[in-house]
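# Tertiary structure, described
The chain contents come next:
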Amino acid sequence: MSKTAETEGALETRGIEQVPDDERTARTRELFPTWVGANISVLLLTMGASLVVAYRLNFWQALVVAGAAPVLSYGLVGLIGIAGKRGGAPGMALSRAVFGQRGNLLPGSLIWVARWGWETINAVTGAYALLTVLDIVFGIRANAVLDMVTLLAFVVATFAISGLGINAVQKCNKYAAYLFGAFSVLVLGYLVVDTDWSAVFDRSAGSVAAMITGVGLIAAGGVSWIPSAPDFTRYLPRTASSKGIVGVTIGGAGIVVLPMVLMGMVMAVSTPDLASASDPVSFLGEILPTWIAVPYLLIALIGMLLINSMSMYSAGFTAQTLGFRIPRHWAVSVNAVISLIFGGVLMLVATSFMGSFIAFLSLLAVAFSAWVGVFGADMLRRKEYDGEALADTGRTSAYWYRGGFSPAAVAAWAVGLLAGLMFTTSDWFTGPLASNNVIGEYGLGWVATVVISGLLYVVLPKPAVPAPPAPAERAERPATVTV
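Residues numbered from 1 in each chain as written. Predicted model: local features only at pLDDT ≥ 70, side-chain atom pairs only at ≥ 80, totals over all residues. Heavy atoms only, no water.

The chain carries the name Allantoin permease in an unreviewed UniProt entry, which gives Streptomyces ambofaciens as its organism. In the Sequence similarities (unreviewed entry) part of its UniProt record, the chain is described as follows: "Belongs to the purine-cytosine permease (2.A.39) family." Turning to the chain, the UniProt record has this under Subcellular location (unreviewed entry): "Membrane". (UniProt positions renumbered as here; feature names shortened; annotations may be inferred.)

Below, the structure is given as structure tokens:
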């Protein structure tokens with residue numbers, strides 16, 4: 001992130017208010033390490049293993065799935081990220097212009113709660129990575145007390161980075177991307193030499209339905225970033241290339257997702273238990289030699305730390321849009337405490353980490369997709385956002401609409417959400433339309449959610465888009481600070 005008056009210090013103090021044009025000096029290419037860092041996760045290895053064990057795909061089918069998933073999901077991340085350079089504000093703040101000041105509380109609350117689960121999964125995975133390193137290097141076996149100590153250490157470190165703000169997150173992502181890339185090449189080289197490739201390539205092909213479902217599984221992680229995309233593009237100038245934003249976003253994610261998923265698939269041929277391990281990272285200590293496993297796990301731990309930092313960074317903004325009148329870095333602490341509590345429950349009580357993870361992903365994708373459909377459709381007609389109207393949560397706001405609600409947006413969001421859930425299958429919930437049709441059987445509930453909510457919003461009568469302030473008027477307005 002290019003240094004500005006706001007970001008060059010150790011602590012970013014800007015909250016959900018619109019970034020002034022003179023501070024928006026970032027460059028599009030700086031998004032690349034952001035989305036590399038957002039995918040440094042050993043869970044991709046486990047999901048790659050699931051393509052072989054659960055979905056019974058062969059290598060070439062897994063290659064197609066691993067290539068298509070980031071293009072689909074991070075293509076949407078990049079498209080929604082365009083709103084950040086148009087409005088200069090976080091995604092859930094810009095969402096006020098679509099749903100209304102009060103209406104935005106509905107999807108905002110659901111997305112905030114969904115982030116609790118995402119951050120819990122990441123925190124537990126990071127704690128497992130640290131526990132595995134302690135076991136390999138020092139022979140220290142995990143127990144309930146040590147589980148909680150490692151989880152606490154991970155959450156505190158996450159809060160420290162996300163609390164500092166975007167400059168700290170961007171710098172950490174940049175260096176982590178280099179380290180992770182270098183050691184991933186080492187792991188890949190080891191697998192090339194050590195793997196029985198005849199066993200990899202002799203596998204029979206799975207069904208097309210399994211491939212499509214697999215794309216949804218891998219893409220779900222990317223879908224979770226879509227509402228956060230403007231958070232990381234709001235320092236870009238209004239003239240930044242929209243195509244560049246989409247291209248760099250897909251490239252940064254794809255360069256990690258593709259090889260990681262394939263590596264997991266290859267590992268699972270000889271170690272099928274990888275797909276169902278209760279501890280999703282300890283298997284690395286068994287498959288890889290110590291000299292590779294330890295540094296790789298440490299770097300993966302850093303990756304999970306950064307993923308959670310990015311998520312908590314965005315969650316702080318979401319909390320502010322919901323009415324938490326506290327500075328951004330303290331808003332982040334709310335999610336830190338929640339992930340610590342839920343993470344403890346998952347580590348001590350849950351019997352199947354991967355079962356819980358995949359069930360969560362299927363519901364997470366639907367929860368985020370309802371917002372994506374409405375917000376994305378609104379972007380087709382709204383090219384700018386009024387910063388003063390976004391910050392004004394009262395009746396005088398241009399985004400107050402009818403009693404604080406945009407009926408079209410709220411209705412389209414609710415209908416899309418309910419429709420998507422009806423087509424969704426998971427260990428926790430199965431919708432009444434999840435079988436005997438292509439959408440349910442192929443795991444396309446989240447896609448149906450995007451399409452239904454988006455199309456419904458397009459056809460429903462909507463409030464007129466308020467005219468944004470002229471550039472000269474915008475420059476003359478006093479800065480509005482919202483904490």
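Under the counting rule described, the total for this entry stands at 3 cavities of 30 Å³ or more. In terms of lining, the largest cavity is formed by 21 residues, of which the most central are Asn-39, Leu-44, Met-47, Trp-118 and Gly-221. Those elements that place two or more of their residues in the lining of the largest cavity are helix 2 (43-53), helix 3 (59-87), helix 6 (105-138), helix 10 (208-223) and helix 13 (290-321). Here the residues of the lining of the largest cavity are counted per class, giving 15 nonpolar, 6 polar and no charged. (1 Å grid on protein atoms, 1.4 Å probe; cavity = no way out; pocket = protein on both sides within 12 Å on 5 of 7 lines; lining within 4 Å. Points joined across faces, edges and corners; volume = space filled by probe spheres on them. Helix = DSSP H or I, 4+ residues; strand = E, 2+ residues; numbered from the N terminus. Nonpolar A, V, L, I, M, F, W, Y, C, P; charged D, E, K, R; others polar.)

Another point: the packing of aromatic side chains. A full pass over the atoms with the stated rule returns 11 aromatic pairs. With centroids separated by 5.9 Å and ring planes inclined at 70°, the aromatic side chains of Trp-35 and Trp-225 adopt a geometry described as edge-to-face. Of this pair, Trp-35 sits in helix 1 (residues 31-37) while Trp-225 sits in the loop between helix 10 and helix 11 (242-270); the two residues are 190 residues apart in sequence, bridging distant segments of the chain. Taking the relative accessible area as the measure of exposure, Trp-35 reaches 2% and is therefore buried. Aromatic side chains Phe-59 and Phe-201 sit 5.0 Å apart centroid to centroid with 65° between the ring planes, which places their arrangement in the edge-to-face category. With Phe-59 in helix 3 and Phe-201 in helix 9 (residues 197-201), the pair connects residues that are 142 residues apart, well separated along the chain. (Phe/Tyr/Trp six-rings, centres within 6.5 Å; stacked < 30°, edge-to-face > 60°. Buried < 20%, exposed > 50% of the residue type's maximum accessible area, 1.4 Å probe, protein only.)

Time to look at the environment of Gln-101. Turning to its location among the elements, Gln-101 is positioned in the loop between helix 5 (96-99) and helix 6. Remark: the alpha-carbon pair of Gln-101 and Asp-392, spanning 291 residues in sequence, is separated by 8.4 Å. If we ignore the near neighbours within four places in the chain, the residues touching Gln-101 are Arg-96, Ala-389, Leu-390, Asp-392, Thr-393, Ser-397, Tyr-399, Trp-400 and Gly-404. Polar side-chain contacts of Gln-101 include one of 3.4 Å to the side chain of Arg-96. (Contact = heavy atoms within 4.5 Å. Polar contact = N/O pair within 3.5 Å; in protein donor to acceptor, adjacent residues only side chain to side chain.)

Once that is clear, we can look at the side chain of Ser-453. The residue Ser-453 is located in helix 19 (residues 445-459) in this model. A distance of 2.7 Å separates a polar side-chain atom of Ser-453 from the backbone oxygen of Thr-449. Contact partners of Ser-453, with chain neighbours within four places excluded, come to Ser-369, Ala-370, Gly-373, Val-374, Ala-412 and Gly-416.

What follows covers the nonpolar core. Core analysis: the biggest nonpolar cluster contains 136 residues, and Trp-35, Trp-225, Trp-371, Phe-375 and Tyr-385 have the highest contact counts within it. Sort the elements by how many residues they give to this core and helix 13 lands first, with 16 residues. Discounting chain neighbours no more than four positions away, the residues touching Trp-371 are Ile-80, Gly-91, Met-92, Ser-95, Phe-99, Pro-107, Ile-111, Ile-226, Pro-227 and Trp-413. Judged by nonpolar contacts, the second largest core, of 6 residues, contains Trp-112, Trp-116, Ala-319 and Ala-331. (Core = buried A, V, L, I, M, F, W, Y, C linked by side-chain atoms within 4.5 Å.)

Time to look at the pattern of salt bridges. All chains considered together, the criterion is met by 6 salt bridges. Salt-bridge contacts for Asp-135 lead to Arg-141; the nearest nitrogen and oxygen are separated by 3.0 Å. Judged by relative accessible area, which is 59%, Arg-141 ranks as exposed. Because the salt bridges share partners, they merge into one network encompassing Asp-21, Arg-24, Arg-238 and Glu-384. (Salt bridge = Lys/Arg side-chain N within 4 Å of Asp/Glu carboxyl O.)

So, about the packing of helix 6 against helix 17 (residues 407-422). Between helix 6 and helix 17, the shortest axis-to-axis distance is 10 Å and the interhelical angle comes to 40°. Between helix 6 and helix 17, the angle falls in the class oblique. Here helix 6 contributes Leu-106, Pro-107 and Leu-110 to the contact with helix 17, which in turn contributes Val-410, Trp-413 and Leu-417. Here the residues of the contact of helix 6 with helix 17 are counted per class, giving 6 nonpolar, no polar and no charged. (Axes fitted to C-alpha atoms, helices over the stretch in contact; angles between N-to-C directions. Parallel < 35°, antiparallel > 145°, perpendicular 65-115°, else oblique.)

Okay, helix 11 next. Between its first and last C-alpha, helix 11 extends 43 Å over 29 residues, near the 42 Å set by a 1.5 Å rise per residue. Within helix 11, the axis deviates most sharply at Gly-254, by approximately 30°. Capping of helix 11 at its N-terminal end is provided by Ser-241; its side-chain oxygen lies 3.4 Å from the backbone amide nitrogen of Lys-243. (Expected span 1.5 Å × (residues − 1). Bend = angle between axes of the 7 residues up to and from the residue.)

Together, Trp-60, Leu-63, Phe-201 and Leu-258 give the surface a local cluster of nonpolar side chains, amounting to about 360 Å² of exposed area. Assignment of secondary structure puts Leu-258 in helix 11. (Patch = residues over 30% accessible without salt bridge, like charges linked within 9 Å, V, L, I, M, F, W, Y side chains within 5 Å. Areas by Shrake-Rupley, 256 points an atom, 1.4 Å probe, with all protein chains shown as cover.)

Moving on to the packing of helix 2 against helix 11. Remark: helix 2 packs on helix 11, axes separated minimally by 7 Å, with the N-to-C direction vectors making an angle of 55°. With respect to helix 11, the element helix 2 is oriented oblique. Considering the relative orientation of helix 2 and helix 11, their crossing is right-handed. The segment helix 2 lies against helix 11, with Leu-44, Leu-45, Gly-48, Ala-49, Leu-51, Val-52 and Val-53 engaging Val-256, Val-257, Met-260, Val-261, Met-263, Gly-264, Met-265 and Ala-268. (Left-handed = near helix turned anticlockwise from the far one by under 90°.)

Across the chain, the average pLDDT comes to 82, with 87% of residues at 70 or higher. Throughout residues 475-483 the model reports pLDDT below 50, and contacts reaching past four residues in sequence, or to other chains, amount to 15 contacts. (pLDDT = per-residue confidence, 0-100.)

Our next topic: the environment of Trp-112. Along the chain, Trp-112 falls in helix 6. For the pair Trp-112 and Met-92, spaced 20 residues apart in the sequence, the C-alpha separation amounts to 9.9 Å. Leave out the neighbours within four places in its chain, and Trp-112 touches Ala-315, Thr-318, Ala-319, Leu-322, Phe-324, Val-334 and Asn-335.

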